[in-house]
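Residues per chain, in single letters:
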Amino acid sequence: MPHTFAEYEHMIRNGIPLGKTSKSSPGRKHRIGIDLAEALKVFGDTDLATMWLERARWGDGPITCPLPVCGGTRVSRTKRLDMPYRCKDCRNWFSLKTETSMANSKLSFDKWLLAIYLDLTNLKGVSSMKLCRDLDLCQRTAWFTLQRVREAFMSDEPPPEFALGGEFQLDEAYFGGLEANRHFIDRIPGGQGGANMMIVISITQVASGKMWVDIIPDTRADTIAETVDRIIPRGAALYTDDGQHYHRIQMERHPVNHNLGEYVRIVDLANGMQRMATTNTVESGWSMFRRSFHGIHHKMSPKYLRRYAKTFSGRWNIRPLNTEEQMRHVIHGMIGRELSYDILTEDNGLPSGGGPNGAYHPERRIRYNGELDDYILQE
Ligand SMILES: [Zn+2]
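Definitions and cut-offs
- Residues numbered from 1 in each chain as written.
- Predicted model: local features only at pLDDT ≥ 70, side-chain atom pairs only at ≥ 80, totals over all residues.
- Heavy atoms only, no water.
- Donors = N, O, S within 2.8 Å, 3.2 Å for Na, K, Ca; no water.
- Tetrahedral: all angles 85-135°; square planar, octahedral: opposite > 155°, others 65-115°.
- Helix = DSSP H or I, 4+ residues; strand = E, 2+ residues; numbered from the N terminus.
- Pairing = 2+ DSSP bridges.
- Axes fitted to C-alpha atoms, helices over the stretch in contact; angles between N-to-C directions.
- Expected span 1.5 Å × (residues − 1).
- Buried < 20%, exposed > 50% of the residue type's maximum accessible area, 1.4 Å probe, protein only.
- Polar contact = N/O pair within 3.5 Å; in protein donor to acceptor, adjacent residues only side chain to side chain.

Visitor: So what exactly am I meant to see when it comes to the coordination of the zinc ion here?
Guide: Tetrahedral coordination by four donors sets the ideal angle at the metal to 109.5 degrees; octahedral coordination by six donors sets it to 90 or 180 degrees. Within the protein, the atoms that donate to the zinc ion are Cys65 (SG), Cys70 (SG), Cys87 (SG) and Cys90 (SG), at distances of 2.2 to 2.4 Å. Taken together, the 4 donor atoms coordinating the zinc ion and their angles of 105 to 113 degrees define a geometry best described as tetrahedral. When the donor residues of the zinc ion are listed from N- to C-terminus, their spacing reads C-x4-C-x16-C-x2-C. Residue cysteine 65 is located in the loop between helix 3 (46–58) and strand 3 (75–77), and its partner cysteine 90 is located in the loop between strand 4 (85–87) and strand 5 (93–94); the two are separated by 25 residues in the primary sequence.

Right, dumping it as structure tokens:
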């Protein structure tokens with residue numbers, strides 16, 4: 001039952017959760033979802049959206065100066081619409097966009113929050129074409145807005161749960177090939193890749209189900225070992241397949257021999273526990289990611305593969321959260337991650353075109369490929 005403006009104002013100011021658990025929809029019934037009607041009513045209202053954002057950003061605490069060198073809490077509200085706060089310590093004006101990936105955007109907060117809402121309520125995200133129609137934005141703005149939202153997932157750091165250690169699984173997949181993104185060669189243990197061949201490495205934590213991914217330049221034993229050492233804490237146990245390129249890993253490791261048809265093996269861990277060594281169990285997210293490439297790989301842009309991979313894992317990791325918590329997660333992830341269009345679209349040496357031949361047709365600036373067009377683009 002939607003509430004009145006005053007009721008929503010009261011809820012937001014007092015941190016009362018929006019939304020409700022769904023009685024009729026399948027899946028996670030304990031999750032509190034916000035339906036579209038309510039999202040439009042709250043996030044679609046500039047005043048409520050601004051209130052919600054303030055609350056998401058600072059909670060019960062004081063308004064804090066976002067400038068990293070300052071962080072002052074002696075802040076006054078001003079009448080300036082574009083810069084509604086002023087820090088009495090560093091004397092700078094700021095807004096909720098300052099020092100975030102929303103910086104220098106003219107978009108109002110209702111559109112920002114609706115974009116975040118729409119992008120998060122679908123595991124694969126909303127397409128820029130859909131967003132441009134739904135929010136009445138031009139396609140370039142819609143695309144850039146989505147990339148700024150997803151910037152929240154671009155951190156190099158693993159999920160905080162990784163620090164707890166335990167058991168982890170490691171896997172890699174190859175994307176792309178000599179002819180841009182025409183070929184897709186999945187999982188070649190020990191392979192070295194080729195021109196435009198990209199390797200995505202994934203590390204999942206068994207207990208939390210959380211996933212960390214990134215692009216690695218090659219699968220040399222040293223590269224893999226360095227990545228593992230940086231992402232997995234000491235004292236953890238690692239399950240891999242029997243690839244030869246894992247031999248430099250300085251960690252308790254239990255290979256599962258896929259070539260012999262072995263997918264699960266009982267192992268005695270160094271800590272005395274007996275566990276099922278497998279790279280299958282926590283792989284569901286990772287395999288969904290790979291399948292999504294199988295389905296659409298000919299439309300994928302190598303240039304934005306890292307963004308796609310990180311966004312996918314970021315979304316995967318927050319999917320148990322309520323809608324509002326997911327949105328807050330993104331708001332906090334956007335802090336300190338200013339992103340300009342020029343830097344985002346800067347040449348990184350990888351082809352940006354999609355299409356069956358991996359070719360980019362300059363005369364067709366926008367190539368509509370359904371929900372994943374956002375990684376194909378257009379400059
Ligand atoms: Zn300040």
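Visitor: Which parts of the structure should I look at to understand the sheet that holds strand 6 (residues 167–175)?
Guide: Two strands in a sheet stick together by hydrogen bonds in their backbones, pointing the same way (parallel) or opposite ways (antiparallel). One open sheet holds the 5 strands; their spatial order is 8-7-6-9-10, and the pairing between them is mixed. Looking at the sheet topology across the chains shown, the edges are occupied by strand 8 (211–216) and strand 10 (252–256). Geometrically, the sheet is characterised by an average inter-axis angle of 25 degrees between neighbouring strands, direction not taken into account. Relative to strand 9 (residues 237–241), strand 6 runs parallel, the two sharing 3 bridges. Paired with glutamate 167 across the bridge in strand 9 is alanine 237.

Visitor: Just checking my understanding: could you explain the pairing of strand 12 (residues 274–278) for this structure?
Guide: In regular strands, side chains alternate between the two faces of the sheet. Where strand 11 (residues 264–268) meets strand 12, 5 bridges bridge the pair, whose relative direction is antiparallel. Counterpart to aspartate 268 in the pairing with strand 12 is glutamine 274. Where strand 11 folds back onto strand 12 in an antiparallel hairpin, the turn is made up of 5 residues, including glycine 272, whose phi is positive at roughly 90 degrees.

Visitor: How do you make sense of helix 3 when you look at a structure like this?
Guide: Along an α-helix, a turn takes 3.6 residues, which lines up residues three or four apart on a common side. Spanning 13 residues, helix 3 covers 18 Å between terminal C-alpha atoms, matching the ideal 18 Å at 1.5 Å per step. Considered for burial, the residues of helix 3 that qualify are Leu48, Ala49, Met51, Trp52, Leu53, Glu54, Ala56, Arg57 and Trp58. The N-cap of helix 3, judged by a side-chain oxygen 3.0 Å from the amide nitrogen of aspartate 47 a few residues on, is aspartate 45. At the C-terminal side of helix 3, glycine 59 shows a positive phi close to 55 degrees.

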